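Spelled out, the chains give:
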Amino acid sequence: QVQLVESGGGLVQPGGSLRLSCAASLSIFAIYNMGWYRQAPGKQRELVAAITSGGSTNYADSMKGRFTISRDNAKKTIYLQMNSLKPEDTAVYYCNAVYHTSNYWGQGTQVTVSS
């Protein structure tokens, strides 16, 4: 049973920072393309950032310059460093792993940006 376990969410003030982690129980983690998505109440799930098995990264326009995705293949973990957080970043953040037809999701972690 594949598990993706997110952690690091919480309540933060506008302008603050959080670092999300996603630990994967994938047997060959390094071959997976990984990503962070988020879903705010009443909205569709959207891509936040992605990192390929080769380490190439991609960000949604509104996150460029504020968020950084990274991966540690030895720890089978990806990270999302979020800086300069805004109230509109409030959402449940999900970890995603994709390799060919295999597509896995974590249970999500809540991020709330509020004063």
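Just above, that's the structure.
Bear in mind that the values here come from a model prediction, so they are computed numbers and not experimental data.

Quick look at the overall build of the chain
Each helix and strand counted, the chain has 0 helices and 11 strands in total. Counting from the amino terminus, the chain carries its helices and strands in the arrangement β-β-β-β-β-β-β-β-β-β-β. With respect to the three principal axes, the spread of C-alpha positions in the chain is 40 × 25 × 25 Å. Burial statistics for the chain: of 115 residues in total, 40% are counted as buried. Long-range pairs, those at least 24 residues apart, make up 53% of the contacts in the chain between residues at least 6 apart in sequence. Split by element, the accessible area of the chain, about 6100 Å² in all, is 47% carbon and sulfur. Side-chain charges of the chain comprise 10 positive and 6 negative groups, with the mean position of each set lying 4 Å from the other.

Some remarks on the side chain of Arg71
Within the secondary structure, Arg71 is located in strand β7 (residues 67-72). For the buried Arg71, which has no salt bridge, the nearest side chain bearing the opposite charge is Asp72, at an N-O separation of 8.4 Å. Engagement of the side chain of Arg71 in a polar contact is seen with the backbone oxygen of Thr52, the distance being 2.9 Å. Looking at Arg71, its side chain comes within polar contact range of the side chain of Asn73, at 2.9 Å. Not counting residues within four places of it along the chain, the set of residues in contact with Arg71 comprises Phe29, Ala30, Tyr32, Asn33, Met34, Ile51, Thr52, Ser53, Thr77 and Ile78.

Focus on the pairing of strand β11 (residues 109-113)
Side-chain alternation along β11 places Thr109, Val111 and Val113 on a buried face and Gln110 and Thr112 on a face that remains uncovered. Sheet topology note: the strand β2 (residues 10-12)/β11 ladder contains 3 bridges and is parallel. What sits directly across from Leu11, in β11, is Thr112. Pairing analysis gives 3 bridges linking strand β9 (residues 91-99) to β11, with the strands arranged antiparallel. When the bridges of β11 are listed, Val92 appears paired with Gln110.

Some words on the packing of aromatic side chains
For the structure on display, the rule yields 3 aromatic pairs. Between Tyr32 and Tyr99, the ring centres sit 5.7 Å apart and the planes meet at 55°, which makes this aromatic pair tilted. Here Tyr99 lies in strand β9 and Tyr32 lies in the loop between β3 (18-24) and β4 (33-39), a separation of 67 residues in the sequence. Under the relative-accessibility criterion, Tyr32 is labelled buried at 9%. Judged by its relative accessible area of 33%, Tyr99 is partly exposed. Their ring planes at 45° and their centres at 6.3 Å tell us that Tyr32 and Tyr104 sit as a pair that is tilted. Pair noted here: Tyr32 is in the loop between β3 and β4 and Tyr104 is in strand β10 (residues 102-105), with a separation of 72 residues, a long-range link. One aromatic cluster is present, built from ring pairs that chain together Tyr32, Tyr99 and Tyr104. Across from the ring centre of Tyr79, 4.0 Å away, lies the NZ or CZ of Arg19, which sits over that ring. A cation over a ring is seen here: Arg45 above Tyr94, with NZ or CZ 3.7 Å from the ring centre.

The rules we used
- Residues numbered from 1 in each chain as written.
- Predicted model: local features only at pLDDT ≥ 70, side-chain atom pairs only at ≥ 80, totals over all residues.
- Heavy atoms only, no water.
- Helix = DSSP H or I, 4+ residues; strand = E, 2+ residues; numbered from the N terminus.
- Buried < 20%, exposed > 50% of the residue type's maximum accessible area, 1.4 Å probe, protein only.
- Contact = heavy atoms within 4.5 Å.
- Areas by Shrake-Rupley, 256 points an atom, 1.4 Å probe, with all protein chains shown as cover.
- Lys, Arg positive; Asp, Glu negative; His and termini not counted.
- Charge placed at Lys NZ, Arg CZ, Asp CG, Glu CD.
- Salt bridge = Lys/Arg side-chain N within 4 Å of Asp/Glu carboxyl O.
- Polar contact = N/O pair within 3.5 Å; in protein donor to acceptor, adjacent residues only side chain to side chain.
- Pairing = 2+ DSSP bridges.
- Phe/Tyr/Trp six-rings, centres within 6.5 Å; stacked < 30°, edge-to-face > 60°.
- Lys NZ or Arg CZ within 6 Å of the ring centre and 35° of its normal.

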